Amino acid sequence: MTSQDYVKIFDTTLRDGEQSPGASMNIEEKLQIARVLEQLGVDIIEAGFPIASNGDFEAVDAVSRQASDKVVICGLARSGNADIDRAGEALKHAKRPRIHTFISTSPIHMKYKLQMEPEDVLDAVYSSVARARDWVDDVEWSCEDGTRTDHDFMCRTVEAAIKAGATTINIPDTVGYTLPEEYTEIITMLLNRVPNIDKAILSTHCHNDLGLAVANSLAGVRAGVRQVECTINGLGERAGNAALEEVVMALNTRQDLMPFQTGINTTEIMKASRMVSTITGFVVQNNKAIVGANAFAHEAGIHQDGMLKNSDTYEIMTPESVGLSESKLVMGKHSGRHAFREKLKELGFDLGQNAVEDVFRRFKDLADKKKNVYDEDIIALVDDEAVRGNDTVKFVSLRIACGSEEPPQADLVLEIDGEQASASTSGDGPVDATFNAIKQLIPVQPHLQLYQVHAVTHGTDAQAEVTVRLEQDGRTTNGQGADTDTMVASARAYVAAVNKLILKMEKSAPSALSA
Ligand code: KIV
Ligand code: ZN
């Protein structure tokens, strides 16, 4: 394989993906996702926008420290010195740092957003890239709103960015407006007209407002780009970005027309998808390509008949190739710690000793209640326990009385800062009663933005996995909880989101919690 056949995968789940309203993640969650992205084999992780907030800066710094030398860690910066220096600082501990700097180049953005003349924008392109090169050797430059930019002007900015030292040139379809033929034309035009274009790799960054992000990215690859910017599950601003799993599987499946390689280990795709969905609370729709629950389900009798005769009749890729396997029965209630630890390893989890003990205890409880325990059950328990370490609020117990005869009543016990506290409340339903009880005891008063439940496996004894999104004073957090009892799972999810909210509020305004 030559470098001409290799398409770099630049994942921006932690930056553009996090810009989806409600998808905010804390540092521990970003580190978890970064670990999964490395296992997946992405070439570049865009870890955040360091000047945007202290949290973003800390996340880029933490991901930089954690990452190996197999992956490039990237921080985003506008064209000003302060942005670039903040990105440079945040990336100081990355083994392979990249600064990604951008400025708008379309007439509409220059006039209304930047209020700058094109010649001043051109100067800013050169000076921002040159300043980024003072920090790192690997600099990417993007012309924001590239697909609505005048072609002559785009050629001049791209040439200037390369002259100043950019080694990757990204052409974003920021507003998801372009069509594949137009995108092909832009890339071909740049390759033909920019004199120093051979000194840089071209990149796509396509938004999905018209549902064309993946098609446009692939058109870019076929025209000559060798980096695709994308996100897990297509998360991102508005309608999202090109979905990593769709771009990669399209390239893998259509080698006849697109004979390119990526470094992605496709069998890790489902795990990454599931983790991003669980952490952000963004459910993957059932009919989503590659990672949706129905992506490999064959319902119609005529399809099932064909599949039984030869799976190639209706299956263009195998479920195993994206990491989907038959639900596997895990050990039962007599299984020991050692086997359980091996199972966690097999599922790709690398937990500390205390976390293993906590999940093992929950597994034993579950095995007492549930006849069959599957891999999915273990994954849900790990998701639930993952960030429990220093929680201020801990779930202890819940008793619910509900039904058609009386108003629902919740009797709840929590542990708050090591002290047990209890509350008994009613509500419009059992969930409302439970959440009212929690709100009576906690030091924050959030609004519920999202409540969703899904069954982890089949059967009426399946665990419920609940996701809760809370908001207070513009800060949003997600929490997950799993249990065979949906109300207990709901309480655990709410408490998990509360703990993250408390941390966020303490960081930004310690006094807000002491009142
Ligand atoms: O969509 C966009 O233009 C961006 C840039 C910052 C690359 O996200
Ligand atoms: Zn974007």
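How each quantity is defined
- Sequence order as written defines residue numbering, which begins from 1 separately in each chain.
- The lettering of chains begins at A and the numbering of ligands begins at 1, in the order of writing.
- Under the rules for a predicted model, residues below a pLDDT of 70 receive no local features and side-chain atom pairs below 80 are neither given nor counted, while totals for whole chains, interfaces and linings still include all residues.
- Side-chain measures were taken over the full set of non-hydrogen atoms in the model, leaving aside hydrogen atoms and water.
- In plain words, nonpolar cores are sets of buried Ala, Val, Leu, Ile, Met, Phe, Trp, Tyr and Cys residues tied together by side-chain atoms within 4.5 Å.
- To sort residues, take the accessible area from a 1.4 Å probe on protein chains only and compare it with the maximum for the residue type: under 20% means buried, over 50% means exposed, and anything in between is partly exposed.
- A helix here means a DSSP run of H or I that spans at least four residues, while a strand means a run of E at least two residues long, and both kinds are numbered starting from the N terminus.
- Residue contacts follow a heavy-atom distance rule, with two residues in contact if any of their heavy atoms lie within 4.5 Å.
- We call a residue near a molecule or strand when any one of its heavy atoms sits within 4 Å of it.
- What qualifies as a polar contact is a pair of N or O atoms within 3.5 Å, subject to a donor-acceptor requirement within protein and to the restriction that residues adjacent in sequence count only when both atoms come from side chains.
- The method behind every accessible area is Shrake-Rupley, applied with a 1.4 Å probe, and residues are considered shielded solely by the protein chains displayed.
- Here the term charged refers only to Asp, Glu, Lys and Arg, the term nonpolar to Ala, Val, Leu, Ile, Met, Phe, Trp, Tyr, Cys and Pro, and the term polar to all other amino acids, Gly among them.
- Centres within 6.5 Å are what make two rings of Phe, Tyr or Trp a pair, Trp counting through its six-membered ring; a difference in plane orientation under 30 degrees is then read as stacked, over 60 as edge-to-face, and the rest as tilted.
- Cation placement over rings: the criterion is NZ of Lys or CZ of Arg within 6 Å of the ring centroid and within 35° of the ring normal.
- Note that the domain bounds were set by an automatic or database domain assignment.
- Summed over both partners, the accessible area (1.4 Å probe) lost when two parts come together is defined as the buried area.
- Two strands make a pair as long as DSSP finds a minimum of two bridges between them.
- Lines fitted to C-alpha atoms define the axes here, with helix axes fitted over just the stretch in contact, and angles between the N-to-C directions of these axes take values from 0 to 180 degrees.
- When an angle is under 35 degrees it counts as roughly parallel; over 145 it counts as roughly antiparallel; between 65 and 115 it counts as roughly perpendicular; any other value is oblique.

Enquirer: Help me understand the nonpolar core in this model?
Expert: Nonpolar side chains tend to gather and get buried jointly when the protein is soluble and globular. Formed by 91 residues in total, the largest nonpolar core has its most connected members in Trp141, Ile169, Ile171 and Leu190. If you tally residues by element for this core, the top one is helix α6 (residues 151-164), at eight residues. Aside from chain neighbours lying at most four places away, what touches Ile169 is Trp141, Val158, Ala161, Ile162, Ala200, Ile201, Leu202 and Ser203. Judged by nonpolar contacts, the second largest core, of 32 residues, contains Phe395, Leu398, Leu441 and Ile442.

Enquirer: Looking at this structure, I do not really get the site of ligand 1. What am I missing?
Expert: Around ligand 1, the surrounding shell consists of Arg15, Asp16, His100, Phe102, Ser142, Glu144, Asn170, Pro172, Thr174, His205 and His207. Take Asp16: an N or O atom from its side chain is 3.1 Å from an oxygen atom of ligand 1. For ligand 1, whose free accessible area comes to 260 Å², the fraction covered by protein is 95%. The set of elements that each furnish at least two residues to the shell around ligand 1 consists of β4 (97-104), β5 (138-144) and β6 (168-173). For the shell around ligand 1, the residue count by class is two nonpolar, six polar and three charged.

Enquirer: Any chance you could explain the packing of aromatic side chains here in plain terms?
Expert: Aromatic ring pairs are defined here through the distance separating the ring centres and the angle between the ring planes. Applying the stated criterion to the full structure yields six aromatic pairs. Aromatic rings pair up to connect Phe340, Phe360 and Phe363 into one cluster. One cation-aromatic arrangement involves Arg86 over Phe57; the distance from NZ or CZ to the ring centre is 3.8 Å.

Enquirer: Hey, could you run me through the domain arrangement of the protein in this one?
Expert: Often, the extent of an interface is quoted as the loss of accessible area on bringing the components together. The domain boundaries assigned to the protein delineate domain 1 (8-280), domain 2 (326-382) and domain 3 (386-505). Computed over C-alpha atoms, the centres of domain 1 and domain 3 are 37 Å apart. Counting residues at the interface gives eleven residues for domain 1, matched by ten residues for domain 3. Carbon and sulfur atoms supply 38% of the area that domain 1 and domain 3 bury against each other, a total of about 830 Å² over both sides.

Enquirer: Quick question: what am I supposed to make of the sheet that holds strand β3 (residues 72-77) here?
Expert: Strand-to-strand pairing in sheets goes through backbone hydrogen bonds, with the strands running parallel or antiparallel. One closed barrel accounts for eight strands, arranged β1-β2-β3-β4-β5-β6-β7-β8; its pairing is parallel. Each neighbouring strand pair of the sheet contributes to a mean axis angle of 25 degrees, computed without reference to strand direction. As defined by bridge partners, strand β7 (residues 201-206) adjoins strand β8 (residues 227-230) across three bridges and the pair is classed as parallel. The residue bridging His205 from the neighbouring strand is Glu229, located in β8. Each of β3 and β4 is contacted by helix α3 (residues 81-90), which is oriented at about 155 degrees to β3, the strand it contacts most.

Enquirer: Help me understand the packing of helix α12 (residues 337-346) against helix α13 (residues 353-369) in this model?
Expert: Helices that pack against each other are described as a pair by the angle of their axes relative to one another and the distance between those axes. At a closest axis distance of 11 Å, the pairing of α12 and α13 adopts a crossing angle of 105 degrees. When the axes of α12 and α13 are compared, the pair comes out roughly perpendicular. Together, Arg337, Phe340, Arg341 and Leu344 of α12 and Gln353, Val356, Glu357, Val359, Phe360 and Phe363 of α13 make up the contact between the two elements.

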